[in-house]
Amino acid sequence: MDVRPNQTIYINNLNEKIKKEELKKSLYAIFSQFGQILDIVALKTLKMRGQAFVIFKEIGSASNALRTMQGFPFYDKPMRIAYSKSDSDIVAKLKGTYKERPKKVKPPKPAPGAEEKKDKKKKQSSTENSNPNTQTEQPPNQILFLTNLPEETNEMMLSMLFNQFPGFKEVRLVPNRHDIAFVEFTTELQSNAAKEALQGFKITPTHAMKITFAKK
């Protein structure tokens, strides 16, 4: 019996050597391009090793991700993706069909001062937007310069993001600087296509990547 399309995709054949937190961050990095992700579930129990669930807000996002990423080489192993057989807890709660399962859940602690940070960020971004000429655009270059990267960014994560574009050559990280990186393509046209597609891409919910051409 075919499983009907739903918001949750089930992925297996994942590399079991990858730490759970790194796995979740990398899955978020490559799947958030398809739409808003509500949650990623990856368990390290013996039964669930090498498997994960990605829960999207929209069914269309899940369908798109399943078609596009089927067989994608993720940490050197092709991903096998299917729709989840049952709605995840999060989706069931949204639909009102959730049935409590007996399990211990620790309520998440609200981060102190989270609201203040948001306000500060809003103020900063509004001042940045009000002066668009502060950063002059560099002439086209096959090397892209990335900024505003989150602390946990690694070469693997960026390679997986950019190698879906033709002409991708390599990612170069800057020693002792987690927030910037360079990505090289074969031609300026190819680097521009990647720049246009991934401009503002959120590697994490709080970090929208900024992409410019590197200075020649």
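First, a word on scope: everything that follows refers to the structure included in this document. Note that the coordinates shown come from a computational prediction; the quantities given were computed from them, not determined experimentally. (Residues numbered from 1 in each chain as written. Predicted model: local features only at pLDDT ≥ 70, side-chain atom pairs only at ≥ 80, totals over all residues. Heavy atoms only, no water.)

By the definition in use, this model includes 6 salt bridges. For E184, the salt bridge is made with K169, and the minimal N-O distance between the two is 3.5 Å. One end of the pair, E184, is in strand β9 (residues 177-185); the other, K169, is in strand β8 (residues 168-174), and 15 residues separate them in sequence. Relative accessible area serves as the criterion here: at 14%, E184 is assigned to the buried category. In this structure, D179 and R177 form a salt bridge, with 2.9 Å as the shortest nitrogen-oxygen distance. For D179, a relative accessible area of 23% corresponds to the partly exposed category. Residue R177 is classed as partly exposed on the basis of its relative accessible area, which comes to 41%. (Salt bridge = Lys/Arg side-chain N within 4 Å of Asp/Glu carboxyl O. Helix = DSSP H or I, 4+ residues; strand = E, 2+ residues; numbered from the N terminus. Buried < 20%, exposed > 50% of the residue type's maximum accessible area, 1.4 Å probe, protein only.)

Attention shifts here to the sheet that holds strand β12 (residues 210-213). Ordered in space as β8-β9-β7-β12, the 4 strands form an open sheet in which the pairing is antiparallel. One side of each edge strand has no neighbouring strand; the edge strands of this open sheet are β8 and β12. With strand direction ignored, the average angle separating the axes of adjacent strands in the sheet is 25 degrees. Here strand β7 (residues 143-147) pairs with β9 via 4 bridges, running antiparallel. The residue of β9 that forms the bridge with F145 is F182. On the sheet, helix α5 (residues 155-162) packs against β7, β8, β9 and β12 and is oriented at approximately 150 degrees with respect to β8. Sitting on the sheet, helix α6 (residues 188-198) touches β7, β9 and β12, and the angle it makes with β12 is about 160 degrees. (Pairing = 2+ DSSP bridges. Axes fitted to C-alpha atoms, helices over the stretch in contact; angles between N-to-C directions. Contact = heavy atoms within 4.5 Å.)

Strand order in the open sheet formed by 4 strands is β2-β3-β1-β6, and the pairing between neighbours is antiparallel. The sheet terminates laterally at β2 (37-41) and β6 (80-83), the two strands that pair on one side only. The mean inter-strand angle of the sheet, taken between neighbouring strand axes irrespective of direction, is 20 degrees. Sheet topology places strand β1 (residues 8-12) next to strand β3 (residues 52-56); 4 bridges connect them, and they run antiparallel. By the bridge assignment for β3, I11 is matched with A52. Sheet contacts for helix α1 (residues 20-31): β1, β2, β3 and β6; angle to β2, the most-contacted strand, approximately 145 degrees. The strands that helix α2 (residues 59-69) touches are β1, β3 and β6; relative to β6, the one it contacts most, it runs at about 155 degrees.

Nothing here speaks to function; it is geometry throughout.
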